Amino acid sequence: MNLKMATPLERKSTLDEIRTRFDKDVERFSNLETGQQATIDAPLVLELVAQMCKRTLKSQDTILDLGCGAGNFTLRVLQEISGLHCHLVDLSRPMLNRAEQRVKQGGAASVTTYQSDFRALSFSEASFNCILAGAVLHHLRDEDDWKTAFKLFHTWLKPGGCIYVSDLITFDLPGVNELMEERYGDYLESIGGTEYRAKVFAYVDKEDSPRSLPFQFDLLKASGFSRYDVLHRNSVFACYMGQK
């Protein structure tokens with residue numbers, strides 16, 4: 001695997017191909033503890049974001065979960081603050097159906113779903129108190145795509161609102177990038193053997209186009225976010241927040 005986009009952007013997976021893969025994986029993603037096994041420290045990241053939301057949100061606030069999958073991110077937040085108005089976005093209808101069911105049962109005040117690429121949505125300015133983006137931004141492609149997305153996030157958030165991003169990342173220094181990829185490969189092999197490592201590396205190379213934390217922080221600043229900070233970082237995964 002080479003996180004520095006060994007596969008050219010124009011040959012990466014299409015939205016239809018990504019949707020098809022996730023349509024078939026609902027059951028695996030419907031577990032808070034093991035649903036994202038290939039993501040290092042996923043349960044810890046859910047805990048950290050939920051605890052931060054507990055400090056910044058209140059009942060009846062409105063949250064937007066981008067690439068919600070089976071709803072784990074929102075569900076974990078609801079365990080800390082019930083009565084939220086939840087807006088769930090995903091390419092996969094089976095994922096959305098499962099997320100809607102689980103989030104309703106988890107104590108949401110209301111649930112609205114959108115089967116869509118989030119870049120095609122047009123929410124009003126200052127619509128949300130919080131945006132969750134778990135393992136979704138690595139599907140953005142060229143630099144203009146990333147810039148457009150971050151401008152949307154800033155527009156959609158209310159003043160003082162926060163975005164929480166948890167995702168695969170790259171590193172700007174080649175030596176660091178190589179080291180962290182090796183460590184991630186070792187982690188995958190430890191939980192699933194060499195075949196599992198090869199499988200994950202193959203779909204990351206085909207489907208994903210992640211960027212570094214400095215790149216994303218520069219976008220936060222350029223888009224107008226007032227502050228940002230890292231909540232967690234381990235190997236090729238990081239979780240950070242930005243506040244409008």
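Here's a quick rundown of the structure. (Residues numbered from 1 in each chain as written. Predicted model: local features only at pLDDT ≥ 70, side-chain atom pairs only at ≥ 80, totals over all residues. Heavy atoms only, no water.)

## Observations concerning the pattern of salt bridges
On inspection of all chains with the given rule, the structure shows eleven salt bridges. With a shortest N-O distance of 2.5 Å, Asp145 and Arg119 are connected by a salt bridge. Here Asp145 is found in helix α6 (residues 143-156), whereas its partner Arg119 is found in the loop between β3 (110-115) and β4 (128-134), with 26 residues between them in sequence. On the accessibility criterion, Arg119 (27% relative accessible area) is partly exposed. For the salt bridge of Lys147 with Glu143, the shortest nitrogen-to-oxygen distance reads 3.7 Å. Taken together, the positions of Lys147 and Glu143, both in helix α6 and four residues apart, correspond to about one turn of that helix. By relative accessible area, Lys147 is classed as partly exposed at 33%. Looking at Glu143, the relative accessible area reads 39%, which means it is partly exposed. (Salt bridge = Lys/Arg side-chain N within 4 Å of Asp/Glu carboxyl O. Helix = DSSP H or I, 4+ residues; strand = E, 2+ residues; numbered from the N terminus. Buried < 20%, exposed > 50% of the residue type's maximum accessible area, 1.4 Å probe, protein only.)

## A short note on the packing of aromatic side chains
Under the defined criterion, the tally for this structure stands at twelve aromatic pairs. Judged by centre distance (5.2 Å) and plane angle (75 degrees), the ring pair of Tyr184 and Phe237 falls under edge-to-face. With a gap of 53 residues between them, Tyr184 in helix α7 (residues 174-207) and Phe237 in strand β7 (residues 237-243) connect regions that are remote in the sequence. Classification of Tyr184 by relative accessible area gives buried; the value is 2%. Linked through ring pairs, Phe118, Trp146, Phe150, Phe153 and Phe215 together constitute an aromatic cluster. Over the face of the ring belonging to Phe215 we find Arg211, whose NZ or CZ atom lies 4.8 Å from the ring centre. (Phe/Tyr/Trp six-rings, centres within 6.5 Å; stacked < 30°, edge-to-face > 60°. Lys NZ or Arg CZ within 6 Å of the ring centre and 35° of its normal.)

## A closer look at the nonpolar core
Membership of the largest hydrophobic core comes to 44 residues, with the highest contact counts inside it found for Phe118, Leu137, Phe150, Phe153, Trp156 and Tyr184. For this core, the secondary structure elements donating two or more residues are β1 (62-66), β4, α6, β5 (157-168), α7, α8 (213-223) and β7. Here this core gets seven residues from one element, more than from any other, and that element is α7. Dropping the residues within four chain positions of it, Phe118 is found in contact with Leu66, Val89, Val136, Leu137, Leu140, Ala149, Phe153 and Trp156. The next biggest cluster of nonpolar side chains, apart from the first, holds 25 residues, and it includes Leu78, Cys86, Leu88 and Tyr164. (Core = buried A, V, L, I, M, F, W, Y, C linked by side-chain atoms within 4.5 Å. Contact = heavy atoms within 4.5 Å.)

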